[in-house]
Amino acid sequence: MGKTIMYVVVSVVISVAYFTLVDHFLMDMQGLDYWYLFRK
Amino acid sequence: MGSITRKKTLAVLALSAMIGLLLLPVVAAIPALASGGEAPAAGGPPPDAAKKDGAESEKKVEKARDVYYKTEGIVSGAPAPKTTDGPKDYPRYNFESRVLLWFANQQHLYYGSFVLAVPIFCMVIEFMGVVSKDKAMAKKYDQLAYDFIKISLTAYSLTAILGGILIFTFLTLYPAFFGYLSSIFRPVMHIYALTFVAESGTLYIYYYGWDKMKEGLLKWLHLSMSVILNVIGTVLMFLANSWIGFMMSPAGVDEQGRYLGNIWHVIHTALWNPLNLHRILGNMAFGGGVVAAYAAYRFLSAKNDEERAHYDWMGYIAMSLGVAFLIPLPFAGYWLMREVYAYRQQMGITLMGGLLAWLFIIQATMIGILFLSTNYYLWQALGRMRGGERFQRYIKYFVFILVCGFLVFITPHTMVMTPAELKAMGGQQHPVLGNYGVMSAKNGGINVIITTTVLSFIWYQRGNRMPAVSWAKFGNIFMGVFFFFAYVNIIWLAIYGYFIPANVRVGLSVPQVATTLSTLFFMTALNLSMLKGAKQIGPIEWGKISVRSQYALIMLATAFTWMMGLMGYIRSSVRLFWHVNEIMRDNSPWAYTHTVGFAANMISANVLFFWISIMFVFWLGTLGAKKAPVEVKSPVPGRAPEPAVGH
Amino acid sequence: MTSLKLVEGFMPMQMLFELALCVALFALTSHLLSKSGKAMPRFWQGILFWVFIVSYLKWRVYPPIPFSVRAMYGFVSLIAVFMWVSSNEEDWKKFKQPIMNVLDANTGFHKALRTMFLIAIPIILWGFSYNSFLPNLDEPVELRTVHPAPPASTKVHGKTFVLQTSQNPFRVNPEGKYDQEYTNARIVEQSMGRLMKGDANPWDEKAEGYLKYVREGGEIFFQNCHFCHGDNLNGRGLHAFAFNPIPANFTDPGTIAQLQETFIFWRVSKGGIGLPNEGFPWASVMPPWEQHLTTDEIWKVVLFEYWHTGYYPRTWD
């Protein structure tokens, strides 16, 4: 059970990090700001 | 042994010489292209520039500005003709010339697309045959590639015939326009025609030399020929695309339409490359669909299990290749649209916001049908594998996700409604559904659909196998989590778009696409590595697939064909009353946009004609069939033996 | 069904979420039923689900969805149900069973049912044909292009504006230069409530530059435009429902939020009668405001509209 939770946590961390990086860098590459709405 | 090596060497030399001769016209034309299309490499102004300027008989060289590139160039051509309605500029039969041209053009494009796509399939499948370690499968792949190229050959001559009909239609019904276009693209058209020599030569050697070149070095040569064939075919298409790109987004001429001497500018217009990419992918998807429908038809009319098994397999391969190229197609289309918008905002609005907007809703519907059919086929295909049943109870959730994405994708922003409904709604836009009507939501919808298709495909790959790697549990969990967050990211980006300015919002489509493509590349790779050494629950029982799946393949092919016709119509009619956008005006009596209903009927007529004619082509292919060369009959259980009749 | 509210600002996602919840409930119910031995046949599951979806679309979503859209959605749902029930051979057989039973008519009950269908189907078809031939007293449907392509340029008060490149001369920062970043940071909050930013109050006496122009635009708006477009800029003005179509709702994300400022400038200046051929049947009664306002006043009104709705005008850079 503990192992499963570990797997889930690791997967979540990797996936969220990956997609955030994809979002940020692909917007940046076009000269746009991904974090526009949060940049107050 | 020495004589055989010598023979081989001579054969190689002879082949290289032949290919060199075939490509010679193209190579010789390159300096001419580089110098701007005039005969000698021009150092100074071309000698006939002064003569062409007509009234100005002084030696003064006239310069003008390129409408797109904004560079200065020397005027080296006549201005675009100002046509008038009459038998001089628009000779006609007692019929709308535009419809005749539409028909000729569309059929030529269908066949052209088919004969460009099939060699690409052959290249891939022949390659798979060469590198496949399983000898029986290698033989099967090779035979399949041979069968594909056979189908293509008959279609090839029909393509040429239709091309001739198209040119004659242009010449006889639109002489002023065609005269102008050919005066600018003279060298391109010559190279186009000569490249056909190279294409035909390579194609015939490729096909007729199949048996002679079937092993060792010659086989690799044969494979290289398939690559060359495809390069030539692609070049042909790129050249033809330059004319269309010029008509939509002219460059290399001034505002009056006078050619400014730079042939690269007239070829490399704003929309040339987006069209190129979109058409390569579209050709492949379309070709895959046609071959899959052919296989479906043969499956449904099969007389025995072996035939059924063979055509089930063929349909699966064709569909996979077609869908593999379908997946990046929306992105190429999106790029094309962005370039249209960037080139001329007005054109972009006409396309998706104004006159032609309903056609895009129809397109959205067709795309949804394509992906739904693909998914449906994959689920049916799960049924022919022992072990596939464990996935079947989740299919209803896939259906739900797909359909939600589809419904969002097809919701129009401006709805067709009676005035009573308009009053009840309190305005032109629906407060809930109107939000689905804009691109931010639609991008989310289509990306969700594509991701689900990827997931269906991954499940199909797993259908009859249980992963036996040590890290299988982690792999499965990671896949599930990755897909989950892929969906979350796509939907989050779709919602985010509503709260930021338009110029930032349009950039969000790129990470959305990247998310979808990440699932495609990474998860299929992960899946493949997880399935290494997997336990097979049961064999794939080719031929045991349900009949509904074959109808799904036919649906796929018909949808592809219809979509191609639709998008071609849109591309053509966005020019509105211009032959060449903003340069040469259409003064024929048909300078108006057809009603959506008429256009849809025309497209359907084209689709129907194409399918009837290609059925005829397939039948022709079966007529002259000699027994296909079968060297090794390997009776591997569960595999279909070689078909006795080539088709 | 307005007691269970559709929360403004979240409605599209809320609808999808509700549908997902319903699907989950359906799946759970059928699972429990089959566990307890009283499984509902696939055939009835499919029909019931489809009827539910169609009813949801008709009665849950408000304001009412037009019939054309409901027809599209209903048809697609039918295809979805078909895809679901035919996804594997076993389910498909189970689904077809009741139909086959009626067609085979081996029992008395099925015989009666088959006879009933034989009589009922022609009557229903006759009913549809009859209805379609009845003269319809409703107003005819007017299909118009709501968003025609703008011309490349427009001439207002003798000056030509190229729509792709012109800029609002009042969208400026304190240095007087055209600046979208600066102005976009001072618009109304883009969320529920639409509150003004604390440090960006156009009605402050000390307001200068952009904010002052917004106030001036607001004054023009309330002297000329709010009668139709409403004081909340949502197309619910005093005269709104006297017209068909009603005045544009600027708070909708599909109107000014999607357009360039120059497009709005063109529409305001030229009005309904200035619509191009594409805008047939020219049902807009939008007055051509160039006959009443100067270009500066028109630009200021446009500025105000974007400020008030909290939208950013569309740009290409």
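Everything discussed here concerns the structure shown above.
Residues numbered from 1 in each chain as written. Chains lettered and ligands numbered in written order. Predicted model: local features only at pLDDT ≥ 70, side-chain atom pairs only at ≥ 80, totals over all residues. Heavy atoms only, no water.

**Student:** Just give me the short version of the packing of aromatic side chains, but keep the residues and values in it.
**Tutor:** Enumeration over the complete set of coordinates arrives at 66 aromatic pairs over all chains. Ring centres of B:Y316 and B:Y460 lie 5.1 Å apart, and the angle between their planes is 40°; on these two criteria the pair is classed as tilted. With B:Y316 in helix α9 (residues 305-326) and B:Y460 in helix α16 (residues 439-462), the pair connects residues that are 144 residues apart, well separated along the chain. What makes B:Y460 buried here is its relative accessible area of 5%. Following the ring pairs from residue to residue traces out a cluster consisting of A:Y7, A:Y18, A:F19, B:F474, B:F478, B:F482 and B:F522. (Phe/Tyr/Trp six-rings, centres within 6.5 Å; stacked < 30°, edge-to-face > 60°. Helix = DSSP H or I, 4+ residues; strand = E, 2+ residues; numbered from the N terminus. Buried < 20%, exposed > 50% of the residue type's maximum accessible area, 1.4 Å probe, protein only.)

**Student:** Pulling in residues and values, what's your account of the nonpolar core?
**Tutor:** By size, the foremost hydrophobic cluster in this structure holds 179 residues, and its most contacted members are B:F114, B:F148, B:L433, B:I614 and C:M15. Here this core gets 14 residues from one element, more than from any other, and that element is helix α12 (residues 357-382) of chain B. Apart from residues no more than four positions distant in its own chain, B:F148 is found in contact with B:V118, B:F121, B:C122, B:I125, B:V291 and B:M314. Residues A:Y36, B:I500, B:L508 and C:W307 belong to the second largest nonpolar core, which totals 45 residues. (Core = buried A, V, L, I, M, F, W, Y, C linked by side-chain atoms within 4.5 Å. Contact = heavy atoms within 4.5 Å.)

**Student:** Would you mind going over the interface of chain A and chain B in detail, with residue names and values included?
**Tutor:** Between chain A and chain B, the residue contacts involve 23 residues of the former and 26 residues of the latter. With both chains or domains summed, chain A and chain B bury close to 2,100 Å², and 76% of this area falls on carbon and sulfur atoms. If you look at where chain A meets chain B, you find zero salt bridges. Partitioned by chemical class, the residues of the side of chain A that touches chain B number 17 nonpolar, four polar and two charged. (Buried area = accessible area lost by both parts, 1.4 Å probe. Salt bridge = Lys/Arg side-chain N within 4 Å of Asp/Glu carboxyl O. Nonpolar A, V, L, I, M, F, W, Y, C, P; charged D, E, K, R; others polar.)

**Student:** Account for the packing of α9(B) against helix α20 (residues 547-573) of chain B, with residues named and values stated.
**Tutor:** Residue and element names in this part refer to chain B. Following both chains from N to C, one finds α9 and α20 inclined at 40°, their axes separated by 11 Å at the closest point. Taken together, the axes of α9 and α20 are oblique relative to one another. When the axes of α9 and α20 are compared, the crossing they make is left-handed. Two secondary-structure elements touch here, α9 through D312, G315, M319 and L326 and α20 through Q550, L553, L556 and F560. (Axes fitted to C-alpha atoms, helices over the stretch in contact; angles between N-to-C directions. Parallel < 35°, antiparallel > 145°, perpendicular 65-115°, else oblique. Left-handed = near helix turned anticlockwise from the far one by under 90°.)

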